[in-house]
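One-letter residues, chain by chain:
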Amino acid sequence: MGRFTAPWMRRVRSGQRFRAMRLVSAAALFIAALTLATGSTAFAHASYVSSNPAADAVLTAAPTTVTIKFAEHVNPTGSDVVIYDAKHTVVSTGPAQVVQADLFSMSVNMAGDGSEIYLVEWHTVSADDGDPDIGGFVFHVDNTAGAQATATATAKNGGTGGSSKPSGGSGASAWLVALAAILGLLVGAGGVSALRRRV
């Protein structure tokens, strides 16, 4: 014989289940929002934004200056840019300087020595929050006619390095934040399922 449940008891249980589901869903959304907010702050660095020459650019002659733009103001103390040739010989001719007209940028002079590829290594300390970061990229020198066409195409594309992404300490931050947000939503969904089984 089945157990009798009064209609008013069914309504009470249904209302409790609905309130519990709303509470768990709200908690999951709060965790996701909090993760996104704190994640964007935690991974804020003076990381690479663009450069001149651009990452992976092909030039017809070695430049005399390399300038890098970063995501935050650069603290000159603890920040530098060093350029190497293909033999890993330093070809930058002095320490990098923060560009006074643009405190997001650093510039360093270099003397090309006939190498076909140059490595630019940078490390920064953010003047905004003191966070350090590090990374690097390469550019190429080829004085053939084909290189001229490539250099022209790079310039037309804005000189931002196209799809190449210089290595840096904060490249994975967006993935980590997204993953944490998804985990928060999954935890909330699991709580809702558990409550449905119990009520």
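To be clear, the structure that these remarks concern was listed above.
Bear in mind that the values here come from a model prediction, so they are computed numbers and not experimental data.

### Overview of the packing of aromatic side chains
Turning to step 1, where the next piece is worked out: The full count for this structure, using the stated rule, is 3 aromatic pairs.
Turning to step 2, where the next piece is worked out: A ring pair is formed by Y118 and F139, whose centres lie 5.4 Å apart and whose planes are at 25 degrees; its orientation type is stacked. With a gap of 21 residues between them, Y118 in strand 7 (residues 117–125) and F139 in strand 8 (residues 132–141) connect regions that are remote in the sequence.
Turning to step 3, where the next piece is worked out: Look at Y118 and you get buried, because its relative accessible area is 1%.

### What about the sheet that holds strand 5 (residues 97–98)?
Strand pairing within a sheet occurs via backbone hydrogen bonds; the two strands may be parallel or antiparallel.
Turning to step 1, where the next piece is worked out: If you walk across this open sheet you meet the 4 strands as 1-3-6-5, and the pairing is antiparallel. Each end of this open sheet is capped by a strand with a single partner; those strands are strand 1 (48–52) and strand 5.
Turning to step 2, where the next piece is worked out: Summarising the sheet, strand 3 (residues 65–70) and strand 6 (residues 105–109) pair through 5 bridges and their orientation is antiparallel. For T65, the partnering residue across the bridge sits in strand 6 and is N109.

### Considering the nonpolar core
Turning to step 1, where the next piece is worked out: Formed by 24 residues in total, the largest nonpolar core has its most connected members in V66, I68, V81, I83, V120, F137 and F139.
Turning to step 2, where the next piece is worked out: Among the elements of the structure, strand 3, strand 4 (80–84), strand 6, strand 7 and strand 8 are those that each provide at least two residues to this core.
Turning to step 3, where the next piece is worked out: For V66, the residues in contact, after removing those within four places along its chain, are N52, P53, I83, M106, S107, V108, M110, V120, F137 and F139.

Cut-off values and rules
Residues numbered from 1 in each chain as written. Predicted model: local features only at pLDDT ≥ 70, side-chain atom pairs only at ≥ 80, totals over all residues. Heavy atoms only, no water. Phe/Tyr/Trp six-rings, centres within 6.5 Å; stacked < 30°, edge-to-face > 60°. Helix = DSSP H or I, 4+ residues; strand = E, 2+ residues; numbered from the N terminus. Buried < 20%, exposed > 50% of the residue type's maximum accessible area, 1.4 Å probe, protein only. Pairing = 2+ DSSP bridges. Core = buried A, V, L, I, M, F, W, Y, C linked by side-chain atoms within 4.5 Å. Contact = heavy atoms within 4.5 Å.

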